[in-house]
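Chain by chain, the residues:
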Amino acid sequence: MFHRRRLLVAGSIAGLVGHQIAEALVPVVIGLVIDRAIAPGDPGALAWTLAALGVVFAGLLLSWRLGELASVRASEFAGRDVRRGLVARLLSPRGFAAPRSPGELLSIAGTDVDRTAGIVWVLGSGGAQLAAVLTAAVALLAISVPLGILVLVAAPVLVAVMHFATAPLERRMASEQAAVAAASATASDLLTGLRTIAGIGAEQAAVERFERVNRRSLDAAKRAVTAKAVYAAVSLAGSALLLAAIAWAAGAEALAGTISVGELIAVLGLAQFVTWPIGGLAFVTAELATVRASATRVDGVLAAEAAVDAPARPVSTPAPRGAELVLDAVATPHLAPLSAVVPAGSVTAIRVTDHLAARELVEVLAGARRPSSGRVLVDGVPLEASALPVLAPPHEATLFAGTLRDNLELHRALDDARLEELVRAAALDDVVSGAGGLERPVGERGYSLSGGQRQRVALARALGRDAAVLVLHDPTSAVDAVTEARIAERLRAAATGRTTVLVAARPALERLADRLVTA
Amino acid sequence: MSTTPLPVAGPRETRRELRRLLRGRAGALSVAAAVLLLAALAGLALPAALGGIVDAVLGGDSGALAPLVLVIAGVGLGNALLTGLGRALVARLGERVLAELRGLVVTRLIRLPSTVVERAGRGDLVSRASTDTRIVGDVVSNVLPAFASAGFTVVVTLVGLGALDWRFALAALAAVPVQLLALRAYLKRARPVYRAARAAEGERAQRILESVDAAETVRAFGVSADRERVVDEAALHSVELERRAARVSVGFWNQLNLAEFLGLAAVLGAGFLLVGAELATVGAATTAALYFHALFGPVGQVLGSVDELQKAAAGLARLVGVLGLPERSPRPASARGGAASLEFDRVGFAYDGAPALDGVSFDVAPGETVALVGASGAGKSTVAALLLGALEPERGRVLIGGIDVGAVTAETRMPRIGLAGQEPHVFAGPLADDLRLARPGAADGELRAALDAVGALGWVDRLPEGLGTVVGSGGHRLTIVEAQQLALARLLLHDPAVLVLDEATAAAGGDGDHVLDRAIARVAAGRTTMTIAHRLDQAARADRVIVLDRGGVVEQGRHDELVEAGGAYGRLWAAWSAGRSGERERGDACGRMGA
């Protein structure tokens, strides 16, 4: 995901590494100031050593700017790329052989993609911390070989000890996050179903249910608090012991005269500093594991088995009088073999009383499901190879945030005359005559409209498409009797110029069909 | 109806609520503060001991080294222990307060009067309960403990610098103006950028969710590429804002680095002058420089947390705001079962001045089945809401089992009311838990009996884990018919005396209608039933039909009588039955069979 942005990733790592090196140099320069300027009382030395401090800070500042901005840019764009691929797979006509819950997919498209792209940060900060420890070790080696070796030996030991302390921390923090998420999800779920709760007088039961998850969340949080505190104490204690050891060795060397006072100060400052990157390194493996887990989940979706082979659906002009549709012993898990000939340009009702069978038949006609046996022919050509557009939207009327017009057009602009026709055919007059008319926003998923209104918008949307065969599955099931009768009257006129198939048992619509097929 | 968001508490109200939550916890609060103070004092001893080593080396005092090293190890370990303990105490306290607040808020939200809910919109409720509690919770568990311990360290270290020599502390203050300016600019610039970035992220998530939820529709219409573009536009916008936020944050940290440099240079300069004037030892100058260097981390921690803390304060104000809302007094409910009479006596009700019901009167005998018929907007749903207690009549009286709903006291025992709505919610979690909302503590046998009665036991037993299968959001997806059956099973467990069916089978379609008709007949048996029907075969099966139009009763009587009379209902029936032919008889037969 980063091959096109190699330079950016290099810049981000270089910046973060440079920043840590500059941080490591600050105590060294402090030692220099004290040793060369303060102890001998040399004003000239004060000037140049403070200037050196300024240079180190300038480097610190600029490398941070470079590292941070490059990392954000690299990880954000990487996230966008991964997300784009993921959404393309989620919406791909191939579908999924094993459906997944939208909640899971959203969490993968959100958190997991961000974590996967966060590899930039893990590598950048891990590399920077390693560089900081090595810089400190090199500086110490230059001052005194035994001190350098002390740090080079102690650092891996400390990283190992802290890594050991991070294991329960990671685990408990994960379970805390899960418990908090569960409490939050329970609250949203109960509040979303507030009407249903009121309908069965279950307010008290709902409150008690939330209190239970809330207690679990508190218990998990308390366990995580303890683990975090233990980790903080262990890492601080390790740092203190390392500091004491270095102070002892460096003090002894300074007393023996093998290192100067300035060098002693630099060593003590470095010893104080080096514990931070050591603590950071202890987390790298855990962070890498998190990234890997997220990347695996993303890959799982990208590589998931498809429901159907990618249908080659070339864009084509619709057949002027619609196409002939032939069902040749089409069967699905709930549908017994069904054969029917739907003449081109006709309105044909297929009565399928089992609602699961009806749903599966529509899925087959939509090209979203392979029939367990049999085949579908469009003007004599198998459906999957047909160049003629067959439109078979699902029964659930799903709308999108946006205006009424956006939903009727659904990414294919229509002129006003055509929109007017559609509004009339689907008896949408009451919706359009309200404030805003066609520009009225319908809200998230069209939820500002009633169920019946959404279904009529979905019907108009389907009628607005130039399909050779239009399959409508119980298109008025949520519409009241009077409006349904009105739609039935008008649908006939809207159906000319194409083949219309009405699936399922809405007699008011069956009436206008040229022929009736019973499954 | 325009939306009125739930209120947000003012700063004074928020502080008062916070004090109330902390009242019983003063002991824990002072222990935590004392431990963090001790930790900071122990931390202070470290640079002092390091400075002591410098002085010992300069004085050639080799005997002083070993005790100083022991001091470093000792206070270092003490500081480690106390810091861990102090943070744990602060965090535990914070988590307890948070859990209590979360419980209060969600309980209040669940019991809000439905008029408040409808006006605010469910989205606002959900965001208070989830987003706001999460923002406050994140800060309590991740920011607050470190902030508290860093705060103590900063204050104690500044005092330590002053104790060393007041001029060191004065020099260190050189950093403060730059820090304050940086913080002010950051807060001013960061807030709108962060808010916009979060909003852009939310928009992206929203578009992904919408597209994923509608994947079948998207595929059917062949608009995958268009939806991908819609998502990607939001994603690019989010990337742009994240980068802008990063620039603001980098600017802030750069300014803090500058402040560190100025402060450090000033402290070193002061050391130069003080040592030169023999007012301080080189060791003291070293200690001062190391003190200041050790402040970098805690100062960054404190200043960097201000933004998070402010966000949490805003979330807190939104949570406390909920607590100021009224609570709906639950109607005292009587024992389960039985059938009760209903009476509407010249009832009037208006939504924001627009009349929904105007002088509606009718009676329903115990055990009678009445269908309410009328076009949308005729007032059918208002009747249901009044029966359920979701709304109170503005004029006239509503009597259930002879009891006026407007004159209920704690001693009154109202007959139970149950409602099945058009879009039943399937609660996330095991299916058994969903059912137990209606009857807490019910045995598995009771649940199975209820499922069996509504014809759902078959498919429930075929689920991967039967009653234990996780359903609802994030779980096994139920069909509309299955969700309706579940809602009816809940009603059976609730066992109401009066059953309100609000277009309960509206969206099923196909034979789902018949499956549900049978289930409804089982649930309705032996109860008073009010059906809000738009499929007129449901009305035809009722004992009586009441026709509503523009907020008033225009006709009522038996189905046959009304059809005969050829009034409003007769015309509706003619339109409805025109195409149904044989279908109607079958529907009838099924309904009777079930009953």
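Residues numbered from 1 in each chain as written. Chains lettered and ligands numbered in written order. Predicted model: local features only at pLDDT ≥ 70, side-chain atom pairs only at ≥ 80, totals over all residues. Heavy atoms only, no water.

Draft legend 1. Summary view of the overall build of chain B. Secondary structure assignment for chain B yields 20 helices and 12 strands. For 595 residues, the compact-globule estimate of 2.2 N^0.38 gives 25 Å, and chain B exceeds it by more than 25% at 35 Å. Projected onto its principal axes, the C-alpha positions of chain B cover 120 × 60 × 50 Å. A buried classification covers 58% of the 595 residues belonging to chain B. Intrachain contacts of chain B at a sequence separation of at least 6 include 78% that bridge at least 24 residues. Accessible surface, chain B as shown: approximately 23,700 Å² in total, 57% of it carbon and sulfur. Measuring between centres, the 62 positive side-chain charges of chain B sit 5 Å from its 62 negative side-chain charges. (Helix = DSSP H or I, 4+ residues; strand = E, 2+ residues; numbered from the N terminus. Rg over C-alpha atoms; globule rule 2.2 N^0.38 Å. Buried < 20%, exposed > 50% of the residue type's maximum accessible area, 1.4 Å probe, protein only. Contact = heavy atoms within 4.5 Å. Areas by Shrake-Rupley, 256 points an atom, 1.4 Å probe, with all protein chains shown as cover. Lys, Arg positive; Asp, Glu negative; His and termini not counted. Charge placed at Lys NZ, Arg CZ, Asp CG, Glu CD.)

Draft legend 2. Quick look at the UniProt feature "transmembrane region" (unreviewed entry) in chain B. Residues and elements named next belong to chain B. Feature annotation in UniProt places "transmembrane region" (unreviewed entry) on residues 26–50, 62–82, 143–162, 168–187 and 261–292, given in this structure's numbering. Helix makes up 100% of residues 143–162 and strand 0%, whereas the separation of the span's terminal C-alpha atoms amounts to 28 Å. End C-alpha atoms of residues 261–292 are separated by 10 Å, and the span's content is 84% helix alongside 0% strand. (UniProt positions renumbered as here; feature names shortened; annotations may be inferred.)

Draft legend 3. Spotlight on a positive patch on the surface. Residues and elements named next belong to chain B. On the surface, R12, R15, R16, R19 and R23 cluster together to form a positively charged patch. By the secondary structure assignment, R16 is in helix α1 (residues 11–23). Here R16 falls in the partly exposed class, since its relative accessible area comes to 48%. (Patch = residues over 30% accessible without salt bridge, like charges linked within 9 Å, V, L, I, M, F, W, Y side chains within 5 Å. Salt bridge = Lys/Arg side-chain N within 4 Å of Asp/Glu carboxyl O.)

Draft legend 4. Inspection of the UniProt feature "domain: ABC transmembrane type-1" (unreviewed entry) in chain B at higher detail. As annotated in UniProt, the feature "domain: ABC transmembrane type-1" (unreviewed entry) corresponds to residues 31–311 of chain B in the numbering used here. Regarding residues 31–311 of chain B, the helix share stands at 93% and the strand share at 0%, and the terminal C-alpha atoms are separated by 27 Å.

Draft legend 5. Expanded view of helix α13 (residues 444–453) of chain B. All names here are of chain B. Among the residues of α13, those classed as buried are L447, A450, L451 and A453. One face of α13 carries all of its buried residues, which in axial projection span an arc of 160 degrees. Immediately downstream of α13, the backbone of G455 shows phi near 70 degrees, a positive value. (Arc of directions from axis to C-beta.)

Draft legend 6. Highlighting the nonpolar core. If you look at the biggest cluster of nonpolar residues, it comprises 117 residues, and the most contacted ones within it are L264 of chain A together with I72, L264 and L268 of chain B. In terms of residue count, helix α8 (residues 261–302) of chain A provides more of this core than any other element does, 16 residues in total. Setting aside chain neighbours within four positions, we find I72 of chain B in contact with A240, L243, A244 and A247 of chain A together with L46, A49, L50 and I53 of chain B. (Core = buried A, V, L, I, M, F, W, Y, C linked by side-chain atoms within 4.5 Å.)

Draft legend 7. View of the sheet that holds strand β5 (residues 381–382) of chain A. All names here are of chain A. The strand order across the open sheet built from 4 strands is β2-β1-β4-β5, with neighbouring strands paired in antiparallel fashion. Each of the sheet's edge strands pairs with one partner strand only, and the pair in question is β2 (335–342) and β5. One ladder, built from 5 bridges, connects strand β1 (residues 325–332) with β2; its direction is antiparallel. When the bridges of β2 are listed, V326 appears paired with V341. Across the sheet, helix α9 (residues 355–365) touches β1, β2 and β4 (373–378), and the angle it forms with β1 is around 130 degrees. (Pairing = 2+ DSSP bridges. Axes fitted to C-alpha atoms, helices over the stretch in contact; angles between N-to-C directions.)

Draft legend 8. Representation of the pairing of strand β11 (residues 544–549) of chain B within the structure. Residue and element names in this part refer to chain B. The buried fraction of β11 amounts to 5 of the 6 residues, a majority that puts the element mostly inside the structure. Summarising the sheet, strand β3 (residues 369–373) and β11 pair through 4 bridges and their orientation is parallel. Bridging across to β11, V373 finds its partner in V547. Taken together, the 5 bridges between β11 and strand β12 (residues 552–557) define a ladder with antiparallel strand orientation. Residue pairing in the sheet places D549 in a bridge with G552 of β12. Between the antiparallel neighbours β11 and β12 lie 2 residues, among them R550 with a positive phi of about 45 degrees.

Draft legend 9. Geometry of the domain arrangement of chain A. On domain assignment, one finds that chain A holds domain 1 (2–302) and domain 2 (325–518). Taken over C-alpha atoms, the centre of domain 1 of chain A sits 54 Å from the centre of domain 2 of chain A. (Domains from an automatic or database assignment.)

Draft legend 10. View of the sheet that holds strand β8 (residues 499–503) of chain A. Residues and elements named next belong to chain A. The strand order across the open sheet formed by 5 strands is β6-β7-β8-β3-β9, and the pairing between neighbours is parallel. If you trace the sheet from one side to the other, it starts and ends with β6 (390–391) and β9 (515–518), each paired once. In this sheet, β9 lies alongside strand β3 (residues 347–351) in parallel orientation, the contact comprising 4 bridges. If you follow A349 over to β9, its bridge partner there is L516.

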